[in-house]
Protein chains: 2
Amino acid sequence: MPDLESLYAKLDLPAVPMHTNVTYHSVPIITDPSTGRTISESLDIVRYLDETYPSTPRLIPEGNTMLIHGFAMLFAKQTFGHLVMLIMSECKLNEASLGFYEKTRPAYFGVPTYADLKLTGEARRKEVESLKAGLDGIAKLYEVNGKGEYVMGERLSYADVVVAAMLKWWSLNLPEWEEVKGWNGGRWARALELMDEKYGQVL
Amino acid sequence: MPDLESLYAKLDLPAVPMHTNVTYHSVPIITDPSTGRTISESLDIVRYLDETYPSTPRLIPEGNTMLIHGFAMLFAKQTFGHLVMLIMSECKLNEASLGFYEKTRPAYFGVPTYADLKLTGEARRKEVESLKAGLDGIAKLYEVNGKGEYVMGERLSYADVVVAAMLKWWSLNLPEWEEVKGWNGGRWARALELMDEKYGQVL
């Protein structure tokens, strides 16, 4: 993770804008040998692939760009604030990345040391309940679909990739993952399994 | 507004569920003379019309039900909490509805009297700024669309109806509407005009 800045420099890639005046160096990055283009930032990669290879199935169907971006924003709003408090100090990191986290994250979250980010007891339980409430809101949305397990019903889209990528991260790092798997009738365990089974080699 | 409960009873319509254990009596309600069905709740009406008259343009294209519901939820999250504090005591109501508001709203918002809902000065300015921040988030989403002024680019959908219905309400009741019209390069004034021009007779 701390090595990404130099990788971006080597690839001559501009940093990704996050908020006004803040940029970051994100993965994944792809280089397409047939065009020579190098692209970072997941959504830009998806749009590039959809546009460059129009005869393959699109992850963002025509007319759905804003709705799918909006869904990603909604999913983040419903989960990320609580999730990040639960997972931040629990992520399995290599030594270099751990050092980077220890150096940068306390200031980012306004606490004295990295250890202070570890949430326990009552405070932790409260964030778990808030995460559950956020996921309940998304689960209710799935119910409006008549058929199909995907956000777009029977058609896979980038919205499902957003959900599965989050769940994959949680499944590997969130101590409460076993509990999450039981929420909303097992929806989240199923969503991750479905994607792992069908597209596991891509993820 | 206080007469809606008796109208629902007369039409033999069940109240609309809002949250667990809370129901309400909403407008619009339609009766379709060709099928004899009576339906309330905007989204259910749209789905009924799309399904019953499949040869007319759909407001919710196939596969977009959850994404459009999600957009409505996101738009509400970005605006409604602040908006309701700004507009609640300013709505132009007939005498019966005003009486209903005066009776029910103080308890709903946890204040002693209806007059206490009137937000002024610094507190009001803060809510205006929060509403602006929420709309900035939605405006940024529009930017990901290449072509077209609609949420789905060049295709009108129920998502645009959600936005326009909100803007119409604000334009008639929100004291700061003239200010809102100048935000995000005039996007909100244009969105309402576009819908008023093209579909004004329906709205």
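Definitions and limits used
- Residues numbered from 1 in each chain as written.
- Chains lettered and ligands numbered in written order.
- Predicted model: local features only at pLDDT ≥ 70, side-chain atom pairs only at ≥ 80, totals over all residues.
- Heavy atoms only, no water.
- Helix = DSSP H or I, 4+ residues; strand = E, 2+ residues; numbered from the N terminus.
- Rg over C-alpha atoms; globule rule 2.2 N^0.38 Å.
- Buried < 20%, exposed > 50% of the residue type's maximum accessible area, 1.4 Å probe, protein only.
- Contact = heavy atoms within 4.5 Å.
- Areas by Shrake-Rupley, 256 points an atom, 1.4 Å probe, with all protein chains shown as cover.
- Lys, Arg positive; Asp, Glu negative; His and termini not counted.
- Charge placed at Lys NZ, Arg CZ, Asp CG, Glu CD.
- Buried area = accessible area lost by both parts, 1.4 Å probe.
- Salt bridge = Lys/Arg side-chain N within 4 Å of Asp/Glu carboxyl O.
- Nonpolar A, V, L, I, M, F, W, Y, C, P; charged D, E, K, R; others polar.
- Phe/Tyr/Trp six-rings, centres within 6.5 Å; stacked < 30°, edge-to-face > 60°.
- Lys NZ or Arg CZ within 6 Å of the ring centre and 35° of its normal.
- Least-squares fit on C-alpha atoms with pLDDT ≥ 70 in both.
- Domains from an automatic or database assignment.

- Naming follows an unreviewed UniProt entry, where chain A appears as GST N-terminal domain-containing protein of Pterulicium gracile.

## Re the overall build of chain A
- When helices and strands are tallied, chain A shows eight helices and four strands.
- The order of helices and strands in chain A, counted from the N terminus, is α-β-β-β-β-α-α-α-α-α-α-α.
- Compactness check: chain A gives a C-alpha radius of gyration of 18 Å against a globular reference of 17 Å for 203 residues, within 12% of the reference.
- Principal-axis analysis of the C-alpha atoms places the extent of chain A at approximately 50 × 50 × 30 Å.
- Residues classed as buried in chain A amount to 40% of the 203 residues present.
- Here the contacts in chain A between residues at least 6 apart in sequence split such that 56% fall between residues at least 24 apart.
- Just so you have it, chain A exposes about 11,100 Å², and 55% of that area is on carbon and sulfur atoms.
- Both charge centroids of chain A, one from 21 positive and one from 27 negative side chains, sit 3 Å from each other.

## Section: the interface of chain A and chain B
- In this complex, chain A contributes 22 residues to the contact, which on the side of chain B involves 22 residues.
- The contact between chain A and chain B buries some 2,100 Å² in all, and 75% of this surface belongs to carbon and sulfur atoms.
- For the chain A face of the interface with chain B, the top three residues by lost area are A:Met66, A:Leu67 and A:Val144, together amounting to 36%.
- Linking chain A with chain B are zero salt bridges, by the criterion used here.
- Broken down by secondary-structure element, the contributors of at least two residues to the side of chain A that touches chain B are helix 3 (65-87) and helix 5 (121-142) of chain A.
- Each residue belonging to the side of chain A that touches chain B can be placed in one class, and the counts come to twelve nonpolar, eight polar and two charged.

## A short note on the packing of aromatic side chains
- Overall, the coordinates contain twelve aromatic pairs over all chains when judged by the stated rule.
- A ring pair is formed by A:Tyr101 and A:Tyr114, whose centres lie 6.4 Å apart and whose planes are at 75 degrees; its orientation type is edge-to-face. Placement of A:Tyr101 in helix 4 (residues 95-109) and of A:Tyr114 in the loop between helix 4 and helix 5 is noted, with a sequence separation of 13 residues between them.
- A:Tyr101 gets classed as buried once you look at its relative accessible area, which sits at 8%.
- Relative to B:Phe75, the ring of B:Phe71 lies with its centre 6.3 Å away and its plane at 40 degrees, an arrangement referred to as tilted. With B:Phe71 and B:Phe75 both in helix 3 (residues 65-87) and four residues apart, this pair spans about one turn of that helix. Each of the two residues, B:Phe71 as well as B:Phe75, counts as buried.
- Within the aromatic cluster, the residues linked to one another by ring pairs are A:Phe71, A:Phe75 and A:Trp170.
- Over the aromatic face of B:Tyr101 sits the side chain of B:Arg105, whose NZ or CZ is 4.5 Å from the ring centroid.
- B:Arg187 extends its terminal NZ or CZ atom over the ring of B:Tyr142, reaching a point 4.1 Å from the ring centre.

## Some points on the relation of the copies chain A and chain B
- With an RMSD of 0.0 Å, the operation that places chain A on chain B is a rotation of 180 degrees combined with a shift of 0.0 Å along the axis. What the superposition gives is, in effect, a two-fold axis relating one chain to the other.
- Both copies share a contact surface, since 100% of the interface residues of chain A are interface residues in chain B too.

## Remarks on the domain arrangement of chain A
All names here are of chain A.
- If you check the domain split of chain A, you get domain 1 (4-52) and domain 2 (65-199).
- Computed over C-alpha atoms, the centres of domain 1 and domain 2 are 23 Å apart.
- At the interface, five residues of domain 1 touch four residues of domain 2.
- Connecting domain 1 to domain 2 are zero salt bridges.

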